[in-house]
Amino acid sequence: MDSSSSFILTTVAAAIGFFTLLRNLRCHQEDDKENNSSSSTSSPPSSSSSLSPPSSLDRIWTHHVFPSFRGEDVRRDFLSHIQMEFQRMGITPFIDNEIERGQSIGPELIRAIRESKIAIILLSRNYASSSWCLDELAEIMKCREELGQTVLAVFYKVDPSDVKKLTGDFGKVFKKTCAGKTKEHVGRWRQALANVATIAGYHSTNWDNEATMIRNIATDISNKLNNSASSSDFDGLVGMTAHLKKMEPLLCLGSDEVRMIGIWGPSGIGKTTIARVVYNKLSSSFQLSVFMESIESKYTRPCSDDYCAKLQLQQQFMSQITNQNDMKISHLGVVQDRLKDKKVLVVLDGVDKSMQLDAMAKETWWFGPGSRIIITTQNRKIFREHGINHIYKVNFPSTDEALQILCTYAFGQNSPKHGFEELAREVTQLAGELPLCLRVIGSYFRGMSKLEWTKALPRLRSSLDADILSILKFSYDALDDEDKYLFLHIACFFNREWIVKVEEYLAETFLDVSHRLNGLAEKSLISLNRGYINMHDLLVKLGRDIVRKQSIREPGQRLFLVDAREICDVLNLDANGSRSVMGINFNFGEYRIKEKLHISERAFQGMSNLQFLRFEGNNNTIHLPHGLEYISRKLRLLHWTYFPMTCLPPIFNTEFLVELHMRYSKLEKLWEGIKPLPNLKWMDLCWSLLLKELPDLSTATNLQELNLSGCSSLVKLPSTIGYTKNLRKLYLDGCSSLVELPFSIGNLINLKVLNLSSLSCLVSLLQIPDSISHIDAEDCESLERLDCSFHNPNICLKFAKCFKLNQEARDLIIQTPTSEYAVLPGREVPAYFTHQSTTGGSLTIKLNEKPLPTSMRFKACILLVHKGDDEARDDKNWMDENGCYVSCKKSKHYLYPVLAEHMYVFEVEADVTSSELVFEFKIDSKNKKWKIKECGVFQLSEVP
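Residues numbered from 1 in each chain as written. Predicted model: local features only at pLDDT ≥ 70, side-chain atom pairs only at ≥ 80, totals over all residues. Heavy atoms only, no water.

Novice: Report on the overall build of the protein chain, specifying residues and quantitative values.
Specialist: Broken down by element type, the protein chain carries 27 helices and 38 strands. About 42900 Å² of surface is accessible on the protein chain, with carbon and sulfur atoms providing 48% of the total. (Helix = DSSP H or I, 4+ residues; strand = E, 2+ residues; numbered from the N terminus. Areas by Shrake-Rupley, 256 points an atom, 1.4 Å probe, with all protein chains shown as cover.)

Novice: An account of a nonpolar patch on the surface is requested, with residue identities and associated values reported.
Specialist: On the surface, a nonpolar cluster with roughly 380 Å² of combined accessible area is contributed by Y664, W687, L689 and L690. As for its position among the elements, W687 is in the loop between strand 19 (682–684) and strand 20 (705–707). A residue is classified by how much of its surface remains accessible, and W687, at 43% relative accessible area, is partly exposed. (Patch = residues over 30% accessible without salt bridge, like charges linked within 9 Å, V, L, I, M, F, W, Y side chains within 5 Å. Salt bridge = Lys/Arg side-chain N within 4 Å of Asp/Glu carboxyl O. Buried < 20%, exposed > 50% of the residue type's maximum accessible area, 1.4 Å probe, protein only.)

Novice: Would you mind going over the confidence of the model for the protein chain in detail, with residue names and values included?
Specialist: Considering every residue of the protein chain, the mean pLDDT works out to 82; 86% of them sit at 70 or more. Within the model, pLDDT remains below 50 along residues 870–877, and this stretch shows 10 contacts once partners closer than five positions in the same chain are excluded. (pLDDT = per-residue confidence, 0-100. Contact = heavy atoms within 4.5 Å.)

Novice: Got a sec to walk through the pairing of strand 1 (residues 63–68)? Specific residues and values, please.
Specialist: Of all 6 residues in strand 1, 5 are buried, a share of seventy percent or more. Note: strand 1 against strand 2 (residues 116–123), 5 bridges, orientation parallel. Directly across from V65, in strand 2, lies its bridge partner I118. (Pairing = 2+ DSSP bridges.)

Novice: Which residues make up unusual backbone geometry, and what values do they have?
Specialist: Only a minority of non-glycine residues have a phi that is not negative, and only a minority of peptide bonds are not trans. With an omega of -5 degrees, the peptide bond between K850 and P851 qualifies as cis. The residue K157 is not glycine, and still its phi comes out positive at about 60 degrees. Following the sequence through the fold, K157 ends up in the loop between strand 3 (150–155) and helix 6 (160–165). By relative accessible area, K157 is classed as partly exposed at 43%. A positive phi angle, close to 60 degrees, is found at Y642, a residue other than glycine. Within the secondary structure, Y642 sits in the loop between strand 17 (637–640) and strand 18 (659–661). Y642 sits in the buried class, given a relative accessible area of 17%.

Novice: I'd like a description of the sheet that holds strand 3, backed by residues and values.
Specialist: Read from one edge to the other, the open sheet built from 4 strands follows the order 1-2-3-4, with strand pairing classed as parallel. Strand pairing shows two members of the sheet lacking a second neighbour, strand 1 and strand 4 (202–203), which therefore form its edges. As defined by bridge partners, strand 2 adjoins strand 3 across 6 bridges and the pair is classed as parallel. Opposite L122, over in strand 3, you have V154 as the bridge partner. Against the sheet, helix 4 (residues 107–114) contacts strand 1 and strand 2, and its axis sits at roughly 120 degrees relative to strand 1. (Axes fitted to C-alpha atoms, helices over the stretch in contact; angles between N-to-C directions.)

Novice: Describe the packing of helix 22 (residues 481–494) against helix 25 (residues 537–548), naming the residues involved and giving the relevant values.
Specialist: Across the interface, helix 22 lies against helix 25 with an axial gap of 8 Å and an inter-helix angle of 110 degrees. As far as their axial angle goes, helix 25 and helix 22 are roughly perpendicular. Note on element contacts: helix 25 touches helix 22 through L539, V540, L542, G543, R544, I546 and V547, opposite F487, L488, A491 and C492. Grouping the amino acids of the contact of helix 22 with helix 25 by side-chain chemistry returns 9 nonpolar, 1 polar and 1 charged. (Parallel < 35°, antiparallel > 145°, perpendicular 65-115°, else oblique. Nonpolar A, V, L, I, M, F, W, Y, C, P; charged D, E, K, R; others polar.)

Novice: Just give me the short version of helix 22, but keep the residues and values in it.
Specialist: With 14 residues, helix 22 should cover 20 Å at 1.5 Å per step; its first-to-last C-alpha distance of 18 Å lies within 8% of that length. Of all 14 residues making up helix 22, 11 are buried, and the element is well covered by its neighbours. Where helix 22 is concerned, the buried positions are D483, K484, L486, F487, L488, H489, I490, A491, C492, F493 and F494. In this structure D480 caps helix 22, since a side-chain oxygen of it lies 3.2 Å from the backbone nitrogen of E482. At the C-terminal side of helix 22, R496 shows a positive phi close to 65 degrees. (Expected span 1.5 Å × (residues − 1). Polar contact = N/O pair within 3.5 Å; in protein donor to acceptor, adjacent residues only side chain to side chain.)

Novice: An account of the packing of helix 18 (residues 421–430) against helix 20 (residues 450–461) is needed here, citing residue identities and associated values.
Specialist: At a minimum axis distance of 11 Å, the contact between helix 18 and helix 20 shows a crossing angle of 25 degrees. One way to sum up the angle between helix 18 and helix 20 is to call them roughly parallel. The crossing of helix 18 and helix 20 is left-handed. The segment helix 18 lies against helix 20, with L423, A424, E426, V427 and L430 engaging K450, W453, T454, L457, L460 and R461. Of the residues belonging to the contact of helix 18 with helix 20, the class tally is 7 nonpolar, 1 polar and 3 charged. (Left-handed = near helix turned anticlockwise from the far one by under 90°.)

Novice: So what's going on with the nonpolar core? Residues and values would help.
Specialist: Judged by nonpolar contacts, the single largest core of 91 residues is most densely connected at F604, F615 and F799. Where this core is concerned, the elements lending two or more residues are helix 26 (564–572), strand 13 (583–587), strand 15 (612–616), strand 17, helix 27 (807–815), strand 27 (821–825), strand 30 (855–866) and strand 35 (902–911). By residue number, the principal contributor to this core is helix 26, which donates 5 residues. Those residues in contact with F604 that lie beyond four places of it in its chain are L571, I584, I599, L610, L613, F615, L628, E629, Y630 and I631. Among the nonpolar cores identified, the runner-up in size contains 87 residues, and I269, V277, Y444 and L479 belong to it. (Core = buried A, V, L, I, M, F, W, Y, C linked by side-chain atoms within 4.5 Å.)

Novice: So, the pattern of salt bridges: which residues are in play, and what are the values?
Specialist: The tally for this structure, following the rule as stated, stands at 26 salt bridges. The closest approach of N and O atoms between R516 and D480, which form a salt bridge, is 3.5 Å. Of this pair, R516 sits in helix 24 (residues 513–522) while D480 sits in the loop between helix 21 (468–477) and helix 22; the two residues are 36 residues apart in sequence, bridging distant segments of the chain. In this structure, the salt-bridge partner of E916 is K846, at a minimum N-O distance of 2.6 Å. A residue pair is termed long-range when its members are at least 10 positions apart, and E916 in strand 36 (residues 916–920) and K846 in strand 29 (residues 842–846) qualify at 70 residues. Using a relative accessible area of 38% as the deciding quantity, one classes E916 as partly exposed. K846 sits in the exposed class, given a relative accessible area of 59%. A single network of salt bridges, built from pairs that share partners, joins R857, K859, E907 and E909.

Novice: Please set out helix 18 residue by residue, giving values where relevant.
Specialist: Those residues of helix 18 that sit buried are L423, A424, V427, T428 and L430. One side of helix 18 carries all its buried residues, which in axial view fall inside an arc of 165 degrees. For helix 18, the exposed residues set more than 90 degrees away from the buried face come down to E422 and Q429. Buried residues along helix 18 sit in contact with helix 17 (399–411), helix 19 (435–445), helix 20 and helix 21. Immediately downstream of helix 18, the backbone of G432 shows phi near 75 degrees, a positive value. (Arc of directions from axis to C-beta.)

Novice: Before we move on, can you summarise the sheet that holds strand 32 (residues 884–888) with the specific residues and values?
Specialist: Strand order in this open sheet of 3 strands is 33-32-37, and the pairing throughout is antiparallel. At either end of the open sheet lies a strand with only one pairing partner, and these are strand 33 (891–895) and strand 37 (922–923). Relative to strand 37, strand 32 is paired through 2 bridges, and the arrangement is antiparallel. Each bridged residue has a counterpart across the sheet, and for V886 the counterpart in strand 37 is I923.

Novice: Explain the packing of aromatic side chains residue by residue, including any values.
Specialist: Applying the stated criterion to the full structure yields 32 aromatic pairs. Through successive ring pairs, a cluster of aromatic residues spans F411, F420, Y444, F445 and W453. When the ring centre of Y476 is taken as reference, the NZ or CZ atom of K484 above it lies at 5.6 Å. Sitting over the ring of W682, K501 keeps its end group 5.1 Å from the ring centre. (Phe/Tyr/Trp six-rings, centres within 6.5 Å; stacked < 30°, edge-to-face > 60°. Lys NZ or Arg CZ within 6 Å of the ring centre and 35° of its normal.)

Encoded structure:
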């Protein structure tokens, strides 16, 4: 490099450093300005990276997708197929057939790019041969920068590194296209290609098959369209643009520092809504993102100590942010280990204890540069305790904004209908200008005539001097009796429960639960999100207050019992409860009660209509000195953690039981003999360490899920388990005394998941159903034989740490066809993998077939080794529970857990373009702990 070039590079680097310093300094200046004035009223300075670009909010989107492609490479196959998927999914792409192509793109094409929500760039071998394509690309990347347009990249039979570095065939084609072009023109193209190569895209080398990947891409685009923020997202969200503008300087998106931002305000003010909109707008710009809603109730479970509670929270957090439902963690260092180099967006909604932040986001250095952690709470003290200074206080809306919120829900527009002006203003005032109240009251008045508004006002005026609950009760009072009844069930018992389960629990109480739930959702009294029922805390308080007032002096005369102290009083006395009681919801963790709950033997004698019983406690919460009798025969839900008896009462009636949830119990058996179980769908007895046997299950024909994890004293399963033909999930991990599975397990034709982790006494595995798609037999240390076969082509076989498997079992696991993978112990690649490398993850084979096929399928085997370890440590006990991705050709698998001295086996499809095939097995670059030790393949047509 000559001296002039060196000088230029040095100058450029200095300039970049200077502007970076200015940007960060500006962020701190904005923070100082925000901290010295009211964060809810100050005028924010312009931000270098806008949360909501002004031009994007008011745009008219003509097309959903703009595809940029080189026609000769993809038009007849890939493009035509993905356009069919677009049509099937209702996605409107831009079609360029009518545009006359010239030397450069014209205004019509530029307009089409700018009026498309998403641009998808199909980077093929000859993409760079077209100056038209390169101009399109430059314009798209400009829109991405200026307008926040979403851009997806598909690397179709081309290496992303060749695109970025302009090497290989792609670079040669680009060089030809640049001939005769100006330096400025070529510079724009180079920069655009360098930028697009850094976008997380789709690589054709990782595809199992093109049809599946095309469907995945189209589905991804559909999801992004559904989740993307646009002007339509703000319909009904009055004042949201102003909230986002005030959030911009706090977020300081142009800075690489890690920031924690607090959103603070009273219940019902809109904190969660603001956080949700910010999350929807920004999540696509981060490597990983997660929105954990209602942490104070949804993710808080009874625990024996503070460490246990933190461990549970961190496990939930990591499971969601990595999208791994079965993630298990054993210590509190996982977040920083996994996320310290990742740019993440985290929203922790409804935090009410410092412990929750300690578990999931205690320190900024836990996360990678540019990460943003957003916390919503009613308790500002939590921010002080964690040193969070970037705080947005959500104030009540202005009078005009409050009127707009009411009108949006009452009239479907942001202003009153003609003739309703005065009525709407008075109702707005009576609702206290709280967004939640405005939404609920507005929904109540929707579709009503002016006369109906006028008649309803006197009742609402009577609540003027009362609290917010009285205002919300106005909408409750307008419900019919059945909907009121359902509202109280949810407020007292079923808030944040799975919809499917609630529908089953209440099937005998309501004719059409689903229809009535939708009705409450339309009235804004609940929301139905992601399969769960959610009711706002204020509405929960309202419902429980209504139930309390049913009998203020005699709690045992109410519909539901929810207060821990009152439950203690009722159950301490014989027959103090009445037939009015339908549910008891006792959560020991929510109350500061030091003494045990002593339950009288006859406590439930008078509660003949009791249907729902939930006790969430710990090991020392509840004492039954004289046992338990007289449980209602109508019981549909029994949820009792740490149940203190060794057996349920002899007269316990199971006829109506839908769910039996008794984790951590002292049960040795459930009951004697055969009981009717026609309605039972879910049974969870996990970590009942003394449980020795299960009852006869021949009547449990509708059972869907059976969880026996950690039942270490369980010796055998009843042969009648074969009658539970609707069983889909069976968890037996940790049943260390279980010697064998009944041969009748093969009758479970709907079983999908069979978890056998740590069945240390299991010697053989007999025939299993063909429906099984996931077997986890990790740590079955005595397992020798597999007297079965596997027929599901999508099965995943995990036999980690099963060191006693005989050769026939090993061969069966390796030879089973699967689109997933198999893992089993092994120190070397088996000999029948005819092509092997013992020095890493690369091997080349020569093909003798003539003519050569277009593609071939192989069975592959790899062994992993921990980097930097000597042979003494590289043994069967060394494992990494974080997992890693391994790819080769079109195959990519997430391996979990990662172990030394184990074989990972999967299938690889390879396109054949010459007489040599090169296999490169690669570990995801994010995992720096492991490398490929050995690898091998054999062609699937070969017989091992």
